[in-house]
Amino acid sequence: MTDLRLLPAALAAWLVAGIGIGLPGWANGVLALGCAAAAVACALIARGVRSVLALAAIALVGGAIIGAAVAAQVPGRSPHVLVEAAHSGRTVTLRLEATSLATAGRLAATALSATVGDQTTTTSTPVLVMGEPEDHALDRVRIGETLRIDAAVRPGDVGDTVAYLVFPRGSPTEVAPPPGMLEAADHVRVALVRATAGLPGDGGDLLPGLAIGDTAQVSPRLTAEMKASSLTHLTAVSGANCAIVVGLVLWAASAIGLPRMVRLAVALLALVGFVVLVTPQGSVIRAAVMAAVALTAIALGRAGRGLPLLCIAVIVLLTTDPWLARDYGFALSALATGGLLLLAAPIARSIARLLPNRLALLLAVPIAAQLACQPVILLLNPALPVYGIAANLLAEPAAPLVTVLGLAACATAAVLPGLASAIGWLAWLPASWIAAVARFFAHLPGAQSPWPPGVIGILLLIAVTVLALVAVLGGSPARLRRLARAALVVGVVGYLASVAGIHVVTVAGRPADWEFGLCDIGQGDATLIRSGGEIALVDTGPDPKPLAVCLSDLGIDHIDLLVLTHYDLDHVGGTDAVVGKVDRALIGPPSDPGDHRLASELRAGGARVDQVSIGVHGVLGALRWDVVWPPDTGVEPGNPASVTITITPGEGCPACLSGILLGDLGEESQDRLLGLMHPGHVDVVKVAHHGSADQSPELYAALHPTLGLIGVGAGNDYGHPTAKLLGILTANGIRPLRTDLDGMVLVAPGAQPHEAVVWKQKPGGDEATLTGPELTARDGPTK
């Protein structure tokens, strides 16, 4: 029988930590005292250790412990020097210890001291250094290395793991190298990456992540595919790897005849070394603490059951670092383990009625983990991974092989790099299999099924999960199982009917002859142009996944012309979604080696890539496109050199719409463009720089378009679109269409020249029809 006595304490601890980290320290002290007093009262009244009041007392004790821990730790996260520097905007000199490897210019660290003027304060504050992605100074920082950096600071979000955001003013300088063990681990990681650097494809990119937690080589496209197929936990080292390491060490120690206590000591040492090697991520820490508790219990002759060990691990970790309560990695790891402990066996017994026992258990493991984790996954992505269980069933068996072979490569990389490379090739095979499974399922039709976001969606999903468990598992009255099955059938049929109905209505309401499309991809640009069955895409947004969703939604699987206006992440970050699908790509002047790599990836995918300037032109179906900016010389790479194209109707399409797409041109470049091209009226303008204030009123007046398309993220930190830009549009009679308010936008030619039909997939909007002298607008139904 499962021992549930510690479960209320773990849940109460998690709840109190999740709430408490958003409260001031004194409030947590009051919370801790209240929980302690209530626990004493319940204990005095309770009759028997298994009574409801006894369990409540245990839960309240867990809450009191965590409340006290948060109260003790909150003041240390906001030292006076940082508070004052954040308020005044003064530069602060920080001494930092790196706690992670840099990713996309972001480095997690602990501030050891802070100096403003002649005032220095010793601290232990978790911070996130916000470097620029193209600045590779942080990429060379090693875990455990001590740095000095001048920076501006800003408080993190309330309850966030990071107390302050650090914005460098200059490059960091090294104060001290990492301690001995961390420096040795860094050498091992570097040696492994070097030994496996030549491994091709997604398997080569995935291997360092699966072996040692280094995900630097994992492309945004592969990350999106792993997420879509519910295999994100295999992108890097997960808690399961700790169990593999401990199991291997115990097996080897037993095989050579070591005494029990020695075996356990060796396993603990191996566990510590593994955590140091792969970096202490939330899931790895959870699994390591749980394994340590289990080994200690075995050493004391009291081998505990799994669930109490998980509860102890959760309480210990939250006491040490209460901010883990809102960490997605920690939550997913703990829930997956809990799902396996509570649900795998009964699910396997139910499946075993139809299939052999071993196959039933094999199926039950991913089902149990998926059911337990899906409510949290829903917070990250409001959709259901339809093929998630199948993908995990196929991919999971390969993960232990990658772990074992990766560790073998680590052990030999520094001394026998040739042997490490050979072992790396062996590990590459299962890593490539995992990546192939992710890609296959991510690109199947309906890979992600829509689901209501937020609290309502989570509650609905929990209700469906409970119904499914009651309907399938034994132990419930037959009548209750029948009712659950009936409710489940009605719910599934209703869900499928609603999804299909919404899709049909959405597709039917779109203008079939749309010419311009603006994808809703957040704070970034991804504009489509369509004519005669040919497709042009101008920029790809910040992330492959929303772009892939937009293209799939519109039935687009091939790009005839790709235009990358410049190399900012919000314009090229989603390019992986179309690599291998592009015939021709137009790019602007590169500014660093990363820009050249992007062009190389497009060429490797079969695209013809041309760096263009004024005068290049071509046709897209019945439309003509012309590059009208940048000039050959006299413009710095970046926003001022954004590739700008005009779209004009050809002779065979008098009713087609005209347009201009301005990239991120600023006012100075816009004025120069105006002087060069002397533009006349266009129907559509893709507004420059997401509606920033850096605009030329004269250019918009000269263009005098009917519609202004603005790719902008809801609630963005830049204040886009700005009041100045919106004022320019209003003054010139230009109707703004913005993705933060209107969702995806499609623009089709009307019945007469210069007449446009607009379809908006407005978030939360209702269907409406608006008619004007030159414009008809239709709002599509919400997904």
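Only a predicted model underlies this, so the values are computations on that prediction, with no experimental measurement involved. (Residues numbered from 1 in each chain as written. Predicted model: local features only at pLDDT ≥ 70, side-chain atom pairs only at ≥ 80, totals over all residues. Heavy atoms only, no water.)

Caption draft 1: Up close: the overall build of the chain. A count of helical and extended segments in the chain gives 25 helices and 25 strands. Computed over the C-alpha atoms, the radius of gyration of the chain is 29 Å, within 12% of the 28 Å expected from 2.2 N^0.38 for a compact globule of 783 residues. Counting only C-alpha atoms and orienting by the principal axes, one finds that the chain spans roughly 85 × 70 × 60 Å. When burial is assessed residue by residue, the chain has 49% of its 783 residues classed as buried. Of the contacts formed within the chain by residues at least 6 apart in sequence, a portion of 64% connects residues at least 24 apart. Summed over all atoms, the accessible surface of the chain reaches about 34700 Å², with 65% contributed by carbon and sulfur. (Helix = DSSP H or I, 4+ residues; strand = E, 2+ residues; numbered from the N terminus. Rg over C-alpha atoms; globule rule 2.2 N^0.38 Å. Buried < 20%, exposed > 50% of the residue type's maximum accessible area, 1.4 Å probe, protein only. Contact = heavy atoms within 4.5 Å. Areas by Shrake-Rupley, 256 points an atom, 1.4 Å probe, with all protein chains shown as cover.)

Caption draft 2: Highlighting the state of the cysteines. Across all of its chains, the model carries two disulfides by this definition. Across a sulfur-sulfur distance of 2.0 Å, Cys-519 and Cys-550 are joined as a disulfide pair. Between Cys-519 and Cys-550, the S-S torsion sits near -75 degrees, and that sign places the bridge as left-handed. With a gap of 31 residues between them, Cys-519 in the loop between β9 (516–518) and β10 (527–531) and Cys-550 in helix α19 (residues 544–553) connect regions that are remote in the sequence. The disulfide partner of Cys-653 is Cys-656, and the gap between their sulfur atoms is 1.5 Å. Around the S-S axis, the bridge from Cys-653 to Cys-656 shows a dihedral of about 80 degrees and counts as right-handed. By sequence-ordered numbering of the bonded cysteines, the chain has its disulfides arranged as 1-2, 3-4. (Disulfide = S-S within 2.5 Å.)

Caption draft 3: Quick look at the packing of aromatic side chains. One pass over the full model with this rule turns up five aromatic pairs. Considering the side-chain rings of Trp-14 and Phe-330, the 5.3 Å spacing of their centres and the 55 degrees angle between planes classify their relative orientation as tilted. Taken together, the positions of Trp-14 in helix α1 (residues 7–20) and Phe-330 in helix α12 (residues 328–351) put the pair 316 residues apart, joining distant regions of the chain. Trp-14 gets classed as buried once you look at its relative accessible area, which sits at 19%. With a relative accessible area of 0%, Phe-330 lands in the buried category. (Phe/Tyr/Trp six-rings, centres within 6.5 Å; stacked < 30°, edge-to-face > 60°.)

Caption draft 4: A look at the pairing of strand β15 (residues 617–620). The two faces of β15 differ: Gly-618 and Leu-620 on one face are buried, but His-617 and Val-619 on the other face are not. Sheet topology places β15 next to strand β16 (residues 623–629); four bridges connect them, and they run antiparallel. Following the sheet pairing, Gly-618 is matched in β16 by Trp-625. Joining the antiparallel neighbours β15 and β16 is a turn of two residues, in which Gly-621 adopts a positive phi near 60 degrees. (Pairing = 2+ DSSP bridges.)

Caption draft 5: Fine view of the pattern of salt bridges. One pass over the structure, following the stated rule, counts 13 salt bridges. Residue Glu-225 is joined to Arg-439 by a salt bridge in which the shortest nitrogen-to-oxygen separation is 3.4 Å. Of the two residues, Glu-225 sits in helix α7 (residues 220–228) while Arg-439 sits in helix α16 (residues 417–442), which places them 214 residues apart along the sequence. On the accessibility criterion, Glu-225 (4% relative accessible area) is buried. A relative accessible area of 37% places Arg-439 in the partly exposed class. Residues joined in a network through salt bridges with shared partners are Arg-142, Glu-145, Glu-174 and Glu-183. (Salt bridge = Lys/Arg side-chain N within 4 Å of Asp/Glu carboxyl O.)

Caption draft 6: Looking closely at the nonpolar core. Ranked by internal contacts, the top residues of the largest apolar core, which has 32 residues, are Leu-528 and Leu-562. Secondary-structure elements contributing two or more residues to this core are β11 (534–538), α19, β12 (559–564), β13 (582–587), α21 (593–604), β22 (744–749) and β23 (756–761). Excluding anything up to four places from it in sequence, Leu-528 contacts Trp-514, Glu-515, Phe-516, Gly-517, Cys-519, Ile-535, Ala-536, Leu-537, Leu-551, Leu-554 and Ile-556. (Core = buried A, V, L, I, M, F, W, Y, C linked by side-chain atoms within 4.5 Å.)

Caption draft 7: Representation of helix α3 (residues 52–73) in the model. An ideal rise of 1.5 Å per residue puts 32 Å on 22 residues; α3 measures up with 32 Å between its terminal C-alpha atoms. Within the span of α3, buried status applies to Ala-54, Ala-57, Ala-59, Gly-62, Gly-63, Ala-64, Ile-66, Gly-67, Ala-69, Val-70 and Ala-71. Looking at the packing, one finds that the buried side of α3 touches α1, α2 (25–45) and α11 (306–320). (Expected span 1.5 Å × (residues − 1).)

Caption draft 8: Local environment of the environment of Ala-413. You can see Ala-413 is positioned in helix α15 (residues 398–413). Judged by relative accessible area, which is 5%, Ala-413 ranks as buried. With 224 residues separating them in the primary sequence, Ala-413 and Arg-189 have C-alpha atoms 8.8 Å apart. If near-sequence neighbours (up to four positions away) are discounted, Ala-413 is found in contact with Ala-191, Leu-192 and Ala-420.

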